[in-house]
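# Tertiary structure, described
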Amino acid sequence: DTAEVAALSATSVVALDPVEIPSLSVYDLLFADLADADLDRVALIDGASGDETSYRQLVAQIDALAGSLASRGLAVGDRVGILCPNIPAFATVFHGVLRAGGTATTINSLYTPGEIANQLTSAEAGWLFTVSPLYPQAKEAADAAGIPAERLVVIDGVEGHPSLRDLLFDRAIPPTVRFDPATHLAVLPYSSGTTGHPKGVMLTHRNLVANVLQCERAIGLGRDDRVLAVLPFFHIYGMSVLLDFALLKRAALVTMPRFDLTEFLRTVSEHRCTWVFIAPPIAVALAKHPLVDDYDLSSVKVVFSGAAPLDRTLASAVAERLGCEVCQGYGMTETSPVTHVIPVGEPGVDRSSIGRAVPGTECRLIDVETGAELALPGEGTSAPGELLVRGPQVMPGYLHDDEATSRTLDPEGWLHTGDIATVDADGVFTIVDRLKELIKYKGYQVAPAVLEAVLLAHPEIADAAVVGVPDDDGQEVPKAYVVRTADADLDEETVIAWVQDRVAPHEKVRLVEFIDVIPKSASGKILRKDLRGRVGRHAAA
Ligand code: 4UV
């Protein structure tokens, strides 16, 4: 219907200048034409030991691992779990799996054995890579998922399992694999999306290739940069922006297996990092912690924050204290992830905004109540509406979950983000609220549905709802509203301990409030806004 199309294009924001997306695998885009001049440049630095891996070594290891996996029976399309903190070997494993035609399902290294097993089973993984410190939970989960000992690879070695070294020493020739980059799944990270439990997000080689090229046009990072890699590679932000994009740019990645402020400051200053990708809680530490003054952070040009909202005052405090530029990016697992970025060197763009859509990304805002398309402002700022995005980085759907897919992706290919945004006349977007139930704790996903199921399993809990509330630093934390059974004498500490024993550390309920009844709509949906609204009233009181 031409009239409808015309109406749409009159109001949707199209980032002009679309990117040409070549029909390549991730490996071919990143490594096939590595220039001689780059071979001996440093690709990875282990932040703790200082050990370096050159691009030559990295590609040789990726090729050898791909050959070994193929010779040990990995076929195109087989799924491989990766449960590993940020160490240089992660890059070898990740790209080796993709090179062999496998699909990597990256797992949060904080997960409990049950959560790991759920993801392995859901993703139908036949292999698992891990490291010895995570071996106990990896082994328990691999057993539950039916992964045999010879396919549980312990990178640094554990008796009874192959190590990465064993695989590399097969000295196998990398296989010639054929697949269509437009449809072949490169990765299956997990996200709870707008509602419910974590689901496998299907991302093709084309999705990842597109997003790397979109980043290239929007994030001005180059081959002389030293990039801090503290954001986890298992999460889409670290995976695409660090493991894919920064390596395409031939920058050096300085890996850190976990965040610790002293270690972070030491690593940045010792390795003279120039780009530091973070989530907002790290910005709080950089702005406020006295330790920051003890380190020379003068190498830092850009602090780039994403995964949760960054406050304007916080952003300028970090910029001032470090003497650097603070930028922000936005996106979702479902969008590979980058859809919006504040470009470096545009001081006029508000730092609490998410900047502009990356090339080739179309955006619309729709009224939350009516679904009607919001008009773009001729000047000033639009009304708030749900952000919809469309582009080559958008997933084809959730694994084995057509219902969740159709709830999120409409027939025209628009992905409903579940985030509320405004846009100004210059095309700069600002996230103002979240419509979906997802909670972000330190940038990590926390699915209320998971915690509510754990709470409801307690014999003295009649009903429960979990929402995100701001802590003293303005960062989101999970809070449980609990309805006790008639004769219960449950206290807050018991509720916190009950949940803590059953979930990963970042999923812990940190606040508990007892309540008479959970507010619900006529159809039985928890009215999370009303619960979040209560917080506002209490805080004001
Ligand atoms: O699925 P996910 O866990 O994905 C992410 C992605 C983070 C990114 C993406 C592109 C970047 O350039 C970057 O710097 C970081 O976290 O969670 C997706 C949800 O997280 C919230 C929002 O609710 C998404 O739907 N979120 C992510 N980034 C921001 C954000 C942000 N900058 N401001 C506000 N909320």
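Bear in mind the structure is a predicted one, so any value in this text is a computation, not a measurement.

### A closer look at the overall build of the protein
- Summing up its helical and strand segments, the protein has 17 helices and 27 strands in all.
- Here the C-alpha atoms of the protein give a radius of gyration of 23 Å, agreeing with the 24 Å that 2.2 N^0.38 yields for 541 residues.
- Seen through its principal axes, the protein has C-alpha atoms that stretch 65 × 60 × 60 Å.
- Scored against the burial criterion, the 541 residues of the protein give a buried share of 58%.
- The contacts of the protein with a sequence gap of at least 6 include a subset with a gap of at least 24, amounting to 69%.
- Split by element, the accessible area of the protein, about 21600 Å² in all, is 51% carbon and sulfur.
- Side chains of the protein give 45 positive and 73 negative charges; the mean places of these two sets differ by 2 Å.

### Quick look at the pairing of strand E26 (residues 476-484)
- Of all nine residues that make up E26, seven are buried, and the element is covered over most of its length.
- Alignment of strand E25 (residues 461-470) against E26, held across nine bridges, turns out to be antiparallel. Looking across to E26, one finds that Asp463 is bridged to Val483.
- Once E25 ends, the chain turns through five residues before running back antiparallel as E26, passing Gly474 with a positive phi of about 80°.
- Here E26 pairs with strand E27 (residues 511-514) via four bridges, running parallel. Its bridge partner being in E27, Lys479 is matched across the sheet by Leu511.
- Chirality of the crossover, the property in question, places the unit of E26, helix H16 (residues 492-500) and E27 among those that are right-handed.

### Some remarks on the side chain of Glu452
- Checked against the element boundaries, Glu452 lands in helix H15 (residues 448-456).
- A distance of 2.8 Å separates a polar side-chain atom of Glu452 from the backbone nitrogen of Val466.
- Leave out the neighbours within four places in its chain, and Glu452 touches Ala464, Ala465, Val466, Ile526 and Arg528.

### Focus on the packing of helix H6 (residues 113-122) against helix H7 (residues 135-144)
- The N-to-C vectors of H6 and H7 enclose an angle of 40°; their axes lie 8 Å apart at closest approach. Between H6 and H7, the interaxial angle falls into the category oblique. Seen along the crossing, H6 lies across H7 with a hand that is right-handed. For the pair H6 and H7, the contacting residues are Pro113, Ile116, Ala117 and Leu120 in the first and Gln137, Glu140, Ala141, Ala142 and Ala144 in the second.

### Observations concerning H6
- Considered for burial, the residues of H6 that qualify are Glu115, Ile116, Ala117, Gln119 and Leu120.
- Those residues of H6 that are buried are in contact with strand E4 (79-83), strand E5 (103-106), strand E6 (125-130), H7 and strand E9 (190-191).
- Glu124, located one to two residues past H6, shows a positive phi value of around 55°.

### Quick word on the packing of aromatic side chains
- Tallied over the entire structure, the rule returns eight aromatic pairs.
- When the ring of Phe234 is compared with that of Tyr444, the centres are 6.3 Å apart and the planes differ by 10°; the resulting orientation is stacked. Pair noted here: Phe234 is in the loop between strand E11 (226-229) and helix H10 (236-248) and Tyr444 is in strand E24 (residues 444-446), with a separation of 210 residues, a long-range link.
- Classification of Phe234 as buried rests on a relative accessible area of 8%.

### Comments concerning the site of the ligand
- Looking at the ligand, there are 22 residues lining it, with His235, Thr333, Asp419, Lys436 and Lys440 nearest.
- One of the side-chain N or O atoms of Lys436 is found 2.6 Å from an oxygen atom in the ligand.
- Lys440 places a polar side-chain atom, nitrogen or oxygen, 2.6 Å from an oxygen atom of the ligand.
- Surface burial for the ligand is 99%, taken as the share of its 660 Å² of free accessible area covered by protein chains.
- Listed by contribution, the elements that provide at least two residues to the shell around the ligand are strand E14 (302-305) and strand E15 (325-331).

### Notes on the sheet that holds strand E12 (residues 252-255)
- Strand order in the open sheet made by the nine strands is E3-E2-E12-E11-E13-E14-E15-E16-E17, with mixed pairing throughout. Each edge of the sheet is formed by a strand with only one pairing partner; in this case those strands are strand E3 (52-54) and strand E17 (356-357).
- Here E15 runs beside strand E16 (residues 338-341); their pairing, made up of three bridges, is antiparallel. Opposite Gly329, over in E16, you have Val341 as the bridge partner.

Analysis parameters
Residue positions within a chain follow its written sequence, with the count starting from 1. Per-residue local features of the predicted model are confined to residues with pLDDT of at least 70, and side-chain atom pairs are confined, for both listing and counting, to 80 or more; whole-chain, interface and lining totals are unaffected and use all residues. Each side-chain value is derived from all of the structure's non-hydrogen atoms; neither hydrogens nor water enter the calculation. We count a stretch as a helix when DSSP gives it H or I for four or more residues in a row; a strand needs E for two or more, and each element gets its number in order from the N terminus. A radius of gyration in this sense is built from C-alpha atoms; the matching globule rule multiplies 2.2 Å by the number of residues raised to 0.38. Only protein chains enter the calculation, and the probe is 1.4 Å; a residue is then buried if its accessible area is under 20% of its type maximum, exposed if over 50%, and partly exposed in between. Residues count as neighbours in contact if any of their non-hydrogen atoms are within 4.5 Å of one another. Per-residue accessibility takes into account occlusion by the displayed protein chains alone, with areas from the Shrake-Rupley method and a 1.4 Å probe. Counting rule for charge: Lys and Arg are taken as positive, Asp and Glu as negative, and neither His nor the chain ends is counted. Taken as the charge centre is NZ of Lys, CZ of Arg, CG of Asp or CD of Glu, depending on the residue. Strands qualify as paired when DSSP identifies two bridges or more between them. Here, the term right-handed applies to a crossover whose path from the first strand over the helix to the second runs clockwise when the strands point away from the viewer. Pairing of N or O atoms within 3.5 Å defines a polar contact, subject to two protein rules: one partner must be a possible hydrogen donor and the other a possible acceptor, and residues neighboring in sequence count only if both atoms are side-chain atoms. Lines fitted to C-alpha atoms define the axes here, with helix axes fitted over just the stretch in contact, and angles between the N-to-C directions of these axes take values from 0 to 180 degrees. Note on terminology: angles under 35 degrees are roughly parallel, angles over 145 are roughly antiparallel, angles of 65 to 115 are roughly perpendicular, and the others are oblique. Handedness of each helix crossing follows the sense of rotation of the near helix against the far helix: counterclockwise by less than a right angle gives left-handed, clockwise gives right-handed. Stacked, tilted and edge-to-face are the three classes applied to pairs of Phe, Tyr and Trp rings, where Trp contributes its six-membered ring and a pair requires centres within 6.5 Å; stacked means planes under 30 degrees apart, edge-to-face means over 60, and tilted covers the rest. Proximity is defined per residue: if any heavy atom of the residue lies within 4 Å of a molecule or strand, that residue is considered near it.

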